[in-house]
Amino acid sequence: MVDWTILAIVVFAVIVLYVVERYTRQKKIEVGDAIKLGVLSAGITGGVLYSIDGDIPSVAAAVVDSAQEMFVGKPSF
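Nothing here was measured: the structure is a model prediction, and the numbers come from that model. (Residues numbered from 1 in each chain as written. Predicted model: local features only at pLDDT ≥ 70, side-chain atom pairs only at ≥ 80, totals over all residues. Heavy atoms only, no water.)

**Examining the side chain of Thr45**
Along the chain, the position of Thr45 falls in helix 2 (residues 31-52). Classification of Thr45 by relative accessible area gives buried; the value is 11%. At 2.8 Å, the side chain of Thr45 and the backbone oxygen of Ser41 are in polar contact. Excluding residues within four positions of it along the chain, Thr45 makes contact with Ile6, Leu7 and Val10. (Helix = DSSP H or I, 4+ residues; strand = E, 2+ residues; numbered from the N terminus. Buried < 20%, exposed > 50% of the residue type's maximum accessible area, 1.4 Å probe, protein only. Polar contact = N/O pair within 3.5 Å; in protein donor to acceptor, adjacent residues only side chain to side chain. Contact = heavy atoms within 4.5 Å.)

What follows is the structure, encoded as structure tokens:
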């Protein structure tokens, strides 16, 4: 099952970034474009969450272990 909280956060972030970008360039905010970006980001995020199928804690643990090993390193000499 898709985690709706993550999906909502991603969609909200994408729309906010779009609005900020348009505002800083002093251009008109197109509601249709914002909706398209929201739907596209929801589709991609939903697909990614569906493909990992609720294994977010185990995937996150693997990423953390790899990142710690990559940046902290373990002496092998």
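**Let's talk about the pattern of salt bridges**
Pairing is possible between side chains that carry opposite charge, provided their charged atoms lie close to one another. Tallied over the full model, the rule gives one salt bridge. Across the pair Arg25 and Glu21 runs a salt bridge, and its minimum N-O distance is 3.0 Å. Relative accessible area serves as the criterion here: at 29%, Glu21 is assigned to the partly exposed category. (Salt bridge = Lys/Arg side-chain N within 4 Å of Asp/Glu carboxyl O.)

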